[in-house]
Amino acid sequence: MLSKASKDLKEKKERLLENLNADNFLDKNAVILDEYFCNCFETSRVGPKLKINKNPFAIVALGGYGRMEQCVHSDVDILFLFNKEIPSATSELIEEIIYPLWDVGFQVGHATRSIKECTELAQKDVEVLTSLIDARFICGMSNLYTQLCERLTKKIISAKSKTIISWLMDKNNDRHKNYGDSSYLLEPNLKDGQGGLRDYHTMLWIARIKSQIKQPRDLECFGYLSSNEYDELSNSLNFIWKVRNFMHRLAGRKCDQLYFDYQVKLAENLNFQEENGLPPVEIFLGKLHSHMEFIKQQYIMFVSDINKSKKTNIKENIKKRIKIEGFDIEDDSLIFINPEQVVKNPEIILRIFQESARLQIPLNKESKRIIKEFAYLFDSDLKVSPNIIKIFEKILLTQSPKFNVLEDMLTTGILEKFFPEFKRILNRVQFNQYHLYPVDKHCLRTVQTIKQFGTSDDQTLDNLCGDIYREIKNQKLLLWAALFHDIGKGFPNTEHCISGAECVKIIMTRIGYSNEDIESIAFLVEKHLFILNTAKRRDIHEEETAVFCAREIRDIERLRMLYLLTVADFISTGPKAWNNWTASLVTDLFFKTFNILKKGELSRPGAIEEISNKMKDIRYLPLSSTQQEELHEHFKTLSARYILSNNKENIIKHFELFKLLGNESFVWDIDKNLETNTRTLTFCGKDQRGLFSKIAGAFTLNNFDIFDAQIYTWNNGIALDIFTLKQPIDTVLEKERWDRAKDDLKKVLDGKIDLKKELSEKITKSKKKQNQSLIREDKIIVDIESSSFYTIIEIHTTDFQGLLFCITDALYEIGVNIKASKISTSVDQVVDVFYIQDKNKNKIDSPEFIDEIKKAVKRALSPTFIE
């Protein structure tokens, strides 16, 4: 049965929860707990037994409760503090005070210790020490609390301040490694990630140890923050705490990870509205990331100040290398010798970034403050003067592997002063599981990635991109394009590649570039997705695909730059965007297109000549006369497309597989590719209508994911299909899984398994599990121009298990033959591309049939298709 005090607490908490938007929610939530403990202390039945006059005690708030940061489901950490001995009746007191809190739903952590025990524990465990640094007296004998604080200060904080501060910074660095940079992560940790609340707490703890500050406002009084910085920090913290409160309420428990599933609902709860075409969730995430970025930067500058006392041996050597007057090095950071120079000669602001990039030395906190304060000087025409632009180009071209100087230019506001268009993408977050970074930071990372090509920091792990980068005549054109390649994302409801190209033309014209260079940069921005999209959505074994790319790109220099921009863009998007499989596709298409452009023609040598040459090559192989005769006859059954798409080694390998077929319905061979973490499965069997759909269904039945499919039908009625599949998660029992899939496929082909029936539950469950906030509108595109022999259908949709079977089965039902397929899955979104013909192996161009195809695919994607 609840006590009166706990009932009052529960009622007050319920009233408080009615207004989570209140700026002082945390204080009020802590105050109602204080009132509860004070009330319990005053009315306690057990208290008199403890004889407080002889053995005084106090109730003390610890941790977040001590800091008055009590969120909806934050833990309530309490210390029952005694002078010396802890009476046996203390357990009754705890039962009287703490148990009702548990009954009401509070998560309470309590400790009962003497002053001596607290001191001893704090000496051994810095986490205990930080919780005591945050301690706040609630009720009881206040002199005990005062004694504890004095003893902690004298015996630990003053005596070991440097050791404790070093430990706190190391601990926070470890936390950053574990939880990541929350200022850009898709699912940031509001507490422990970089830019989270723990960065602020660490600043507080260090300032309390170093300067004995009493309250957060003292960060300003003691010079750790300027007045504006403190106000902005308070604003950022209040927003994050508000988000944390709503997240606690939404989750029904303590929760610090902003999971994807919560984000749309939180944007709604926090009253965000659509703005300039941006959905509320993206506006909300942009604001959150902006606040976390500010906390991150303040922490970095704070730690830089704390580390000033650390001595290094490289200072004098680097000082001698400074080439530009007006700068010095202090505590391994660049500083302005005379800040007044900034007003007289604003160019020096850009010069300090130039030296920072060249020497690989960061700017110190005061330098960044000065730059922020005087950034307005670049609101004039100064920012487009030829000399200023040359300095910026030097910064753009300078390799800086240790840190990205452009990020300092971004956070100090200089970048947006130079290019006001950049404001449109500041903290612009895309609500999906594919783009890891906000758009502005992604653009800067793309520049950095390109400059790392050919260095020890090259993320491609080979020399190709480095070699190509060195061959480019005008590298700055590529780097300008990288800097602005996603600028079009600041124009919602437009095709960002096109709007970005138009925006770049305006920017580069303003800063005085030639028409030729402007066209090159704009081309790279407009086409920065072209190579990857073509590689993923078109059959790169088709001669016309490379010819199409060559006609579009027209120039080898542009091809080189576009290839490097493609690689850098997707490496900088995140690990889910770029992988070995994607890299092999893009590189293969690059070389095919390069060869066509290099030969100065827009087609490969004649197909007949190429086929003839392959036949001659095979005749020179060390084979018996019987084998030669068998191969010669076999060639007559092969389609031209098959011969052109496969090298002689594969042709012979497939022939050997065909010879194993005999009376079997099919045979297959599986190769492991360790570099791309894929499996190449070569299927050889008797062709039948709907074969691709049946194979796809059997793979789905056994949880195998298809990346790519090359489908060939020989003139003897044999299907030779080559599938690229994702490596199974569990490779220990991989053979058994393939054997089971093979057995299932045999039953499917024999009509013993009804795939629709078998897959119904799996597909229905998968569709129901789809994250509704991530579902995009389906898009079906039919292309009758790109191929002379096939109609190409692109299907953009949200992924679910069995998707490929549903689509291919629907196409089979209306009499469509699939000749090739490209399966492209970007985390949750899918683009499936099929090269198709009708039953008579003709290209489909009838508007009526195309309309029927679209309707069939829409039915296949509908929630009830399989039911």
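Above this text sits the structure in question.
As the structure is a computational prediction, the values presented were derived from the model and not from experiment. (Residues numbered from 1 in each chain as written. Predicted model: local features only at pLDDT ≥ 70, side-chain atom pairs only at ≥ 80, totals over all residues. Heavy atoms only, no water.)

> Explain the overall build of the chain to me, please; I cannot follow it from the model alone.
Of the regular secondary structure elements, the chain holds 38 helices and 14 strands. Projecting the C-alpha coordinates of the chain onto the three principal axes gives extents of approximately 110 × 75 × 50 Å. With 867 residues in all, the chain has 56% of them scored as buried. If you sum the accessible surface of the chain, you get close to 39200 Å²; carbon and sulfur atoms cover 47% of it. (Helix = DSSP H or I, 4+ residues; strand = E, 2+ residues; numbered from the N terminus. Buried < 20%, exposed > 50% of the residue type's maximum accessible area, 1.4 Å probe, protein only. Areas by Shrake-Rupley, 256 points an atom, 1.4 Å probe, with all protein chains shown as cover.)

> What's the story with the pattern of salt bridges in this structure? I'm lost.
Applying the stated criterion across every chain yields a total of 50 salt bridges. We note a salt bridge from Glu557 to Arg560, for which the minimum N-O separation is 3.7 Å. Remark: Arg560 and Glu557 occur in helix α28 (residues 556-573); sequence separation between them is 3 residues, near one turn of the helix. Glu557 sits in the buried class, given a relative accessible area of 16%. Measuring nitrogen to oxygen at the nearest pair gives 4.0 Å for the salt bridge that ties Lys746 to Glu664. A residue pair is termed long-range when its members are at least 10 positions apart, and Lys746 in helix α35 (residues 734-749) and Glu664 in the loop between α33 (648-659) and β7 (666-673) qualify at 82 residues. You can call Lys746 partly exposed: its relative accessible area is 30%. One salt-bridge network, in which partners are shared between bridges, spans Arg67, Glu69, Asp134 and Arg208. (Salt bridge = Lys/Arg side-chain N within 4 Å of Asp/Glu carboxyl O.)

> Which parts of the structure should I look at to understand helix α17 (residues 365-374)?
In an α-helix, one turn spans 3.6 residues, which is why side chains three or four residues apart end up on the same side. Burial within α17 is extensive, with 7 of its 10 residues counted as buried. Those residues of α17 that fall on the buried side of the exposure criterion are Lys365, Ser367, Lys368, Arg369, Ile370, Ile371 and Phe374.

> What should I look at first to understand the packing of helix α8 (residues 161-179) against helix α13 (residues 280-306) in this one?
In a pair of packed helices, the angle between the axes and the distance between the axes together describe the arrangement. Taken N-terminus to C-terminus, the directions of α8 and α13 make an angle of 150°; their axes are 12 Å apart at the nearest point. Handedness of the α8/α13 crossing: left-handed. Together, Ile165, Met169, Asn172 and His176 of α8 and Tyr299, Val303 and Ile306 of α13 make up the contact between the two elements. A per-class count over the contact of α8 with α13 returns 5 nonpolar, 2 polar and no charged. (Axes fitted to C-alpha atoms, helices over the stretch in contact; angles between N-to-C directions. Left-handed = near helix turned anticlockwise from the far one by under 90°. Contact = heavy atoms within 4.5 Å. Nonpolar A, V, L, I, M, F, W, Y, C, P; charged D, E, K, R; others polar.)

> Just to check I follow, could you spell out the packing of aromatic side chains for this structure?
Both the distance between ring centres and the angle between the ring planes are used here to describe each pair of aromatic rings. In total, this model carries 41 aromatic pairs according to the counting rule given. Taken together, a centroid distance of 5.2 Å and an interplanar angle of 80° make the contact between Tyr642 and Tyr712 edge-to-face. Taken together, the residues span a long stretch of sequence, with Tyr642 in helix α32 (residues 640-645) and Tyr712 in strand β9 (residues 706-713) at a distance of 70 residues. Tyr712 matches Tyr642 in its accessibility class, with the two residues each being buried. Relative to Phe704, the ring of Phe699 has its centre 6.4 Å away and its plane inclined at 80°; by these criteria the two rings are edge-to-face. For the pair shown, Phe699 and Phe704 are each scored as buried. An aromatic cluster is built from Phe378, Phe392, Phe418, Phe419, Phe422, Trp480, Phe484 and Tyr513, whose rings are joined through pairwise contacts. In this arrangement the basic side chain of Arg558 is found over the ring face of Phe523, its NZ or CZ atom lying 4.4 Å from the centre. (Phe/Tyr/Trp six-rings, centres within 6.5 Å; stacked < 30°, edge-to-face > 60°. Lys NZ or Arg CZ within 6 Å of the ring centre and 35° of its normal.)

> Explain the nonpolar core here, please?
Nonpolar side chains tend toward joint burial in soluble globular proteins. Phe37 and Phe284 are the most contacted members of the largest nonpolar core, which totals 104 residues. In terms of residue count, the dominant contributor to this core is α13 (12 residues). Once you skip the residues sitting within four places of it in the chain, Phe284 turns out to touch Phe239, Val243, Leu258, Gln263, Leu266, Ala267, Leu270 and Phe272. Residues Phe336, Leu415, Ala550 and Leu559 belong to the second largest nonpolar core, which totals 100 residues. (Core = buried A, V, L, I, M, F, W, Y, C linked by side-chain atoms within 4.5 Å.)

> Would you explain the side chain of His201 in this entry?
By secondary structure assignment, the location of His201 is in helix α9 (residues 197-211). Residue class for His201 comes out buried when judged on its relative accessible area of 3%. Among the polar contacts made by the side chain of His201, one reaches the side chain of Glu69 at a distance of 2.7 Å. Contacts of His201, omitting those with residues within four sequence positions, involve Arg67 and Glu69. (Polar contact = N/O pair within 3.5 Å; in protein donor to acceptor, adjacent residues only side chain to side chain.)

> What is the right way to look at the environment of Ile348 in this model?
Tracing the backbone shows Ile348 in helix α16 (residues 347-359). For Ile348, a relative accessible area of 6% translates into the label buried. For the pair formed by Ile348 and Ile324, sequence separation is 24 residues and the distance between their alpha carbons is 9.1 Å.

> Would you explain a positive patch on the surface in this entry?
On the surface, Lys116, Arg151, Lys154 and Lys155 cluster together into a patch of positive charge. With 3 residues, the top contributor of residues to the positive patch is helix α7 (residues 142-157). Examined against the element boundaries, Lys154 turns out to sit in helix α7. (Patch = residues over 30% accessible without salt bridge, like charges linked within 9 Å, V, L, I, M, F, W, Y side chains within 5 Å. Lys, Arg positive; Asp, Glu negative; His and termini not counted. Charge placed at Lys NZ, Arg CZ, Asp CG, Glu CD.)

> I tried to follow the side chain of Asp486 on my own but got confused; where do I start?
By secondary structure assignment, the location of Asp486 is in the loop between α23 (475-484) and α24 (496-510). Engagement of the side chain of Asp486 in a polar contact is seen with the side chain of His442, the distance being 3.5 Å. Leave out the neighbours within four places in its chain, and Asp486 touches Ile425, Val439, His442, Cys443, His496 and His528.

> How should the sheet that holds strand β2 (residues 76-82) be read in this particular structure?
As a general point, the strands of a sheet are linked pairwise by backbone hydrogen bonds and lie either parallel or antiparallel. Reading across from one edge, β3-β2-β1-β4 is the order of the 4 strands in this open sheet, with mixed pairing throughout. Where the open sheet ends on each side, the last strands, each with one partner, are β3 (108-114) and β4 (136-140). Strand-to-strand twist across the sheet, computed as the mean angle between neighbouring axes with direction ignored, equals 25°. One ladder, built from 7 bridges, connects β2 with β3; its direction is parallel. Of the residues in β3, the one forming a bridge with Asp77 is Gly109. Across the sheet, helix α2 (residues 25-43) is in contact with β1 (57-61), β2 and β4; its angle to β4 comes to roughly 30°. (Pairing = 2+ DSSP bridges.)

> Would you mind showing me how to read the pairing of strand β5 (residues 327-330) here?
Two faces make up the sheet, and in a regular strand the side chains alternate between them. Where burial is concerned, the two faces of β5 differ: the one with Phe327 and Ile329 is buried and the one with Asp328 and Glu330 is not. Relative to strand β6 (residues 333-336), β5 runs antiparallel, the two sharing 4 bridges. Pairing of Asp328 across the sheet is with Ile335, part of β6. Between β5 and β6, which pair antiparallel in sequence order, lie 2 residues; one of them, Asp331, sits at a positive phi of approximately 55°.

> I tried to follow helix α22 (residues 464-471) on my own but got confused; where do I start?
Taken together, the buried positions of α22 are Cys465, Gly466, Ile468 and Tyr469. Down the axis of α22, the sector holding all buried residues measures 165°, keeping them to one side. Residues of α22 that are buried in the fold lie against α21 (439-452), α23, α28 and α29 (580-598). (Arc of directions from axis to C-beta.)

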